[in-house]
Amino acid sequence: MFEIVQRFADQGYQLDPKALELIKSHPAKEELIKSLLSNLDLAVSVIDSSHISNLGQSSLAPTGIKSTLFFDSKNNQESLDHCTPYTLAGTAKLNQDIEIGADITGRSTCTGEYNDFVRYFRDRYAKLREILANRLSARPMESLRRNTAGREVTIIGMVMDVKTTHKGNRIVELEDPTGMVTALIQKDSEIFEKSSFILPDEVLGVTGMSDGNGRIFVKNLIWPDVPNQNQILENGRGYALLLSDLHVGSKFFMEEAWLRFVSWLNGDVDDPSGLASQVDHIVVAGDVADGIGIYPGQESDLAIKDIYEQYQKAAECFNSIRQGINIVISPGNHDIVRQAEPQPALPETVCKFFRSDFTFVGNPTRICLGGIPFLIYHGRSIDDFVLRIPGLSYASPEKAMVEMLRRRHLSPIYGSRVSIAPEQEDHYVISRLPAILHCGHVHTVGIARYKGVAVINSGTWQAQTEFQKKMNIHPTPAAVPIVDLATMKVRKLLFA
Ligand code: D5M
Ligand code: FE
Ligand code: ZN
C-alpha cells in the first residue's frame, strides 16, 4: 500500500483514501496505476475516485486496442486564437478545412550576421513584452538610475545570465532596449524556489525594491503565461489523430503496429469504438524518416540506408491510409531539411513520393484544422527544458510543454541543444494561443490540459534503440492521441 502512495507522490500527486481503496481492489492494479500516472491532467494534485472512474470509462477500442479517456476540457477557457486568417505573413488557405499561418517555408531571410541576432532578440523581446504588458506596468530600465532608491519598481527584461553565488543567492542579469539591471534573490526568500525556473534568454517581469543604482531586490517574478480565463474553442469539427517520430528506415520502426493502425483507420477491422470512420485529420510532428548520420552509430540501426528510399517507404506507409483524411506533415531533426530551426517543409524531392492531397508544413507551424488552431512543433527544445528545469523528465514531456506555454515560447534557451536561425522575427513566441499544442521528439506520449490548452506529445513508432537505452530513454511506441475537435476530449489508442 505504501508503495502505491509513494509512486504517486514521486510524480507529485496525492491519493485520497477512497482512490487508494479503488486502486488496491482493482483487478488490473498495475495497469490502472500506470494509466493514471501517465495520463493525469497536470492541474490535478489530489487524485480522487472520480479520476479512476473516468479511466474506467475507457472503452475497448478495435481488436484489443485500448482507448483511454483523458479529459473533458469543456468547462475552462478563453480563446485567443480563432481560425480566422492569421495576420502573420505566409497565410495560405489550402482547402476548406486547413489554414496555415506562421511557417518559415519559402520565407527564410537570415544570413547569420550580427545584425540578424540583434533583430531576432529585439523581436522576441517586443512580442513577449506585449504579452506581459497586459498585466504589468513596467518602466524602462534606464529610468531605474533616476531617483528610485528604496522604491518598488517593475521591469520587463530578457535574461542575459542567471547564476547562483557561492553563498547560495541567485543573481539574474536582465536587459531591455534601454539598459541592464541586476536582479538579486536571497536564498531564504519566498521566491527563491520559483527563481530556479528562470532560463537564459527568456523574457520575464520582475518587481522588487530598487537600490537606485541598477539593482533590484526581487519580490516577484512574472512569466508571460496563459491567462487564467483562457477559453476552449468548442466549435471544431471531426477527430484528429496526432502522430510523430515514425523513424521509417530504422530497424526499430514498428511496421507491424503501423499496419494494424492503418487497418483500423481504413475500417478493415472491427471498430467497436466507432472512431476510425470519424477521423478527418492526421498531424505528424516530425521525424518521419530516421535519416542518416543523425546520431553516433546510427548506421548499424538502419534497415534502409538510402535517405530517398526511407521516404519512399514512409510514403507507402501513409499513402495506404484511406482517402478523405487531411494529412499534415511537419519535419523534425531526423528529416531531410536544414537542422537549424525553424525548419521548412519537406522538399519536393521527397514530397513527390506522397499522395498529392497531403499538406507539407514547416517546423514550427500554426495550422487550423476543422476550425481548431494547432501549434505544431517537433519539440527539440524539450531536451533543453529537461536539462535545465528541476523536476522535468522525458517520461512526462507534457510538463516541459506546459513550461513552453508559461513562457509563451517554444524554445527559449538560445545556443543549447536547439540551433535556432536568427530570422527576422522570432517564430517561437506563442503570440496567439493555440487550442492544441502538439509536439513529438521525446518518444513518450504525454497529455495534459493547461489553462484550456490541450498539451499533447504524440510519442513514436520506433522501439527503443541502443542509443536511447544508453541515454535511459524509455519510449511508449504505437500509442496515438486522438482529439475530438468538437469537445476537445483526448483519448489514447494503443496499437502496440
Ligand atoms: O530523439 C529521441 C529521443 O532521444 C528524445 O528523447 C531526445 C533523445 N535524444 C536525442 N539525441 C540525444 C542526445 N544527443 N543526447 C541525449 N538524448 C538525445 P530523436 O530526435 O527522435 O532521435
Ligand atoms: Fe524522434
Ligand atoms: Zn526528434
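Residues numbered from 1 in each chain as written. Chains lettered and ligands numbered in written order. Predicted model: local features only at pLDDT ≥ 70, side-chain atom pairs only at ≥ 80, totals over all residues. Heavy atoms only, no water.

**A short note on the coordination of the zinc ion (ligand 3)**
Next, step 1: Distances from the zinc ion (ligand 3) to its protein donors, namely Asp287 (OD), Asn333 (OD1), His378 (NE2) and His441 (ND1), fall within the range 2.1 to 2.3 Å.
Next, step 2: Each donor residue of the zinc ion (ligand 3) belongs to the same chain, and together they define the spacing D-x45-N-x44-H-x62-H.
Next, step 3: If you look at the zinc ion (ligand 3) and the iron ion (ligand 2), they sit 3.0 Å from each other and are both ligated by Asp287. Of the two residues, Asp287 sits in the loop between strand 12 (279–285) and helix 8 (307–319) while His441 sits in the loop between strand 17 (436–439) and strand 18 (445–450), which places them 154 residues apart along the sequence. Side by side, Asp287 and His441 carry an identical accessibility label, which is buried. (Donors = N, O, S within 2.8 Å, 3.2 Å for Na, K, Ca; no water. Helix = DSSP H or I, 4+ residues; strand = E, 2+ residues; numbered from the N terminus. Buried < 20%, exposed > 50% of the residue type's maximum accessible area, 1.4 Å probe, protein only.)

**Quick notes on the side chain of Asp271**
Next, step 1: Assignment of secondary structure puts Asp271 in the loop between helix 7 (255–265) and strand 12.
Next, step 2: Buried within the structure, Asp271 lacks any salt-bridge partner; its nearest side chain of opposite charge belongs to Arg322, at an N-O separation of 8.4 Å.
Next, step 3: Side chain to side chain, Asp271 and Trp264 meet in a polar contact 3.0 Å long. (Lys, Arg positive; Asp, Glu negative; His and termini not counted. Salt bridge = Lys/Arg side-chain N within 4 Å of Asp/Glu carboxyl O. Polar contact = N/O pair within 3.5 Å; in protein donor to acceptor, adjacent residues only side chain to side chain.)

**Side note on the site of ligand 1**
Next, step 1: Around ligand 1 there are 15 residues in total, and Asp287, Asn333, His334, His441 and His443 lie nearest to it.
Next, step 2: Between ligand 1 and Asp287, the relevant distance is 2.9 Å, taken from an oxygen atom to a side-chain nitrogen or oxygen of the residue.
Next, step 3: Take His443: an N or O atom from its side chain is 2.7 Å from an oxygen atom of ligand 1.
Next, step 4: Residue composition of the shell around ligand 1, grouped by class: five nonpolar, six polar and four charged. (Near = heavy atom within 4 Å. Nonpolar A, V, L, I, M, F, W, Y, C, P; charged D, E, K, R; others polar.)

**A few points about the coordination of the iron ion (ligand 2)**
Next, step 1: Around the iron ion (ligand 2), the protein supplies Asp245 (OD), His247 (NE2), Asp287 (OD) and His443 (NE2) as donor atoms, at distances of 1.9 to 2.4 Å.
Next, step 2: All donors to the iron ion (ligand 2) come from one chain, and their sequence spacing reads D-x1-H-x39-D-x155-H.
Next, step 3: With a relative accessible area of 0%, Asp245 lands in the buried category.
Next, step 4: By relative accessible area, His443 is classed as buried at 3%.

**So, the pattern of salt bridges**
Next, step 1: One pass over the structure, following the stated rule, counts 17 salt bridges.
Next, step 2: Of the charged contacts in the structure, one is a salt bridge between Glu21 and Lys24, with a shortest N-O distance of 3.2 Å. On the criterion of helical spacing, the pair formed by Glu21 and Lys24 is a turn pair, its members being three residues apart in helix 2 (residues 17–24).
Next, step 3: Of the residues examined, Glu21 reaches a relative accessible area of 45% and is grouped as partly exposed.
Next, step 4: On the basis of relative accessible area, Lys24 is assigned to the partly exposed category, the value being 33%.
Next, step 5: Look at the salt bridges and you will find they share partners, linking Glu202, Glu403, Arg406 and Arg407 into a network.

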